[in-house]
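Here is how the chains run, residue by residue.
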Amino acid sequence: MATPIEDTVPEVSDDVDVSELAEIVDELTTMNSDDWSTVAENGVAGGATIEFAFSAPNEETAHGLLEGIRDDLGYAATASEPEGELDDWTVRGTTPEVAVTQPGLAEWVRRLAAYGLDQDGCVLDGWALLID
């Protein structure tokens with residue numbers, strides 16, 4: 001049995017601004033193309049892999065987040081430099097195969113967004129279910 005997705009990310013730190021976190025989670029909920037219906041339609045009862053992306057304000061912060069994602073969370077991740085002058089650094093990652101439930105997915109999004117904020121203000125930009 002795969003690990004529940006929400007158990008792959010630590011609890012929200014007391015250092016995270018709760019109102020900023022709520023704003024990010026609300027935006028993700030509104031704009032994310034994948035939601036629970038997408039997950040449910042693709043039959044993830046045995047487990048699923050989720051990809052995600054963060055924006056980071058600079059190279060040092062991006063590499064710090066990258067290391068944390070790999071070392072703390074055990075996820076695969078890469079960092080890439082901005083494509084233009086106005087862009088941020090991007091950190092992309094994927095979870096291992098995890099068990100996904102509707103409340104678990106919602107909690108994972110909240111905790112992952114908080115994890116990024118706790119890493120010098122990195123913002124979770126989105127997530128998507130990887131379908132084979």
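See the structure above.
Computed from a predicted model, the values in this text were never measured in an experiment. (Residues numbered from 1 in each chain as written. Predicted model: local features only at pLDDT ≥ 70, side-chain atom pairs only at ≥ 80, totals over all residues. Heavy atoms only, no water.)

Peer 1: Mind showing me how you'd approach unusual backbone geometry here?
Peer 2: Glycine aside, negative phi is the norm for most residues, and most peptide bonds take the trans geometry. Phi angles above zero are rare outside glycine, and aspartate 120 is one such case at about 60 degrees. In this fold, aspartate 120 is placed in the loop between helix H4 (102-118) and strand S4 (123-130). Residue aspartate 120 is classed as exposed on the basis of its relative accessible area, which comes to 61%. (Helix = DSSP H or I, 4+ residues; strand = E, 2+ residues; numbered from the N terminus. Buried < 20%, exposed > 50% of the residue type's maximum accessible area, 1.4 Å probe, protein only.)

Peer 1: Hey, could you run me through the packing of aromatic side chains in this one?
Peer 2: Within the structure shown, the criterion is met by three aromatic pairs. Each member of the aromatic cluster is reached from another via a ring pair, and the members are Phe52, Phe54, Tyr75 and Trp108. (Phe/Tyr/Trp six-rings, centres within 6.5 Å; stacked < 30°, edge-to-face > 60°.)

Peer 1: How do you make sense of the sheet that holds strand S2 (residues 76-80) when you look at a structure like this?
Peer 2: Strands pair in a sheet through their backbones, by hydrogen bonds, and they do so in one of two ways: parallel or antiparallel. With antiparallel pairing, four strands are arranged side by side in an open sheet as S2-S3-S1-S4. Each edge of the open sheet is held by one strand with a lone partner, namely S2 and S4. Strand-to-strand twist of the sheet, defined as the mean angle between neighbouring strand axes without regard to direction, takes the value 15 degrees. Summarising the sheet, strand S1 (residues 49-56) and S4 pair through seven bridges and their orientation is antiparallel. When the sheet's bridge partners are listed, serine 55 is paired in S4 with valine 123. The strands touched by H4 within the sheet are S1 and S4, with S4 carrying the most contacts at an inclination of about 145 degrees. (Pairing = 2+ DSSP bridges. Axes fitted to C-alpha atoms, helices over the stretch in contact; angles between N-to-C directions. Contact = heavy atoms within 4.5 Å.)

Peer 1: Can you help me understand helix H1 (residues 18-31) in this one?
Peer 2: What sets the pattern is the α-helix's 3.6 residues per turn: residues three or four places apart point alike. Across its 14 residues, H1 extends 20 Å between first and last C-alpha, which sits within 8% of the 20 Å expected from 1.5 Å per residue. Those residues of H1 that fall on the buried side of the exposure criterion are Leu21, Ile24, Val25 and Leu28. The arc that holds the buried residues of H1, viewed along the axis, is 95 degrees, so those residues lie on one side. In H1, the exposed positions angled more than 90 degrees off the buried face are occupied by Ser19, Glu23, Asp26, Thr30 and Met31. (Expected span 1.5 Å × (residues − 1). Arc of directions from axis to C-beta.)

Peer 1: Looking at this structure, I do not really get a negative patch on the surface. What am I missing?
Peer 2: A cluster of acidic side chains, namely Asp14, Asp15, Glu59, Glu60, Glu81, Asp118 and Asp120, defines a negative patch on the protein surface. Positionally, aspartate 15 belongs in the segment before H1. (Patch = residues over 30% accessible without salt bridge, like charges linked within 9 Å, V, L, I, M, F, W, Y side chains within 5 Å. Areas by Shrake-Rupley, 256 points an atom, 1.4 Å probe, with all protein chains shown as cover. Salt bridge = Lys/Arg side-chain N within 4 Å of Asp/Glu carboxyl O. Lys, Arg positive; Asp, Glu negative; His and termini not counted. Charge placed at Lys NZ, Arg CZ, Asp CG, Glu CD.)

Peer 1: Would you take a moment to explain the packing of helix H3 (residues 59-73) against H4 for this structure?
Peer 2: How two helices pack is summed up by the angle between their axes together with the distance between the axes. At a minimum axis separation of 10 Å, H3 and H4 run at an interaxial angle of 130 degrees. Accordingly, the angle class assigned to the pair H3 and H4 is oblique. When the axes of H3 and H4 are compared, the crossing they make is right-handed. For the pair H3 and H4, the contacting residues are Leu65, Gly68, Ile69, Asp72 and Leu73 in the first and Leu112, Tyr115 and Gly116 in the second. (Parallel < 35°, antiparallel > 145°, perpendicular 65-115°, else oblique. Left-handed = near helix turned anticlockwise from the far one by under 90°.)

Peer 1: Which parts of the structure should I look at to understand the environment of glutamate 97?
Peer 2: As for its placement among the helices and strands, glutamate 97 is situated in the loop between strand S3 (89-94) and H4. A C-alpha to C-alpha distance of 17 Å links glutamate 97 and aspartate 71, two positions 26 residues apart in sequence.

Peer 1: Explanation requested: the pairing of S3 in the structure shown.
Peer 2: Regular strands show a simple pattern: their side chains alternate between the two faces of the sheet. Note that S1 and S3 share six bridges and pair antiparallel. Across the sheet, serine 55 pairs through a bridge with threonine 90, a residue of S3. In terms of strand pairing, S2 meets S3 through five bridges, oriented antiparallel. Each bridged residue has a counterpart across the sheet, and for serine 80 the counterpart in S3 is threonine 90.

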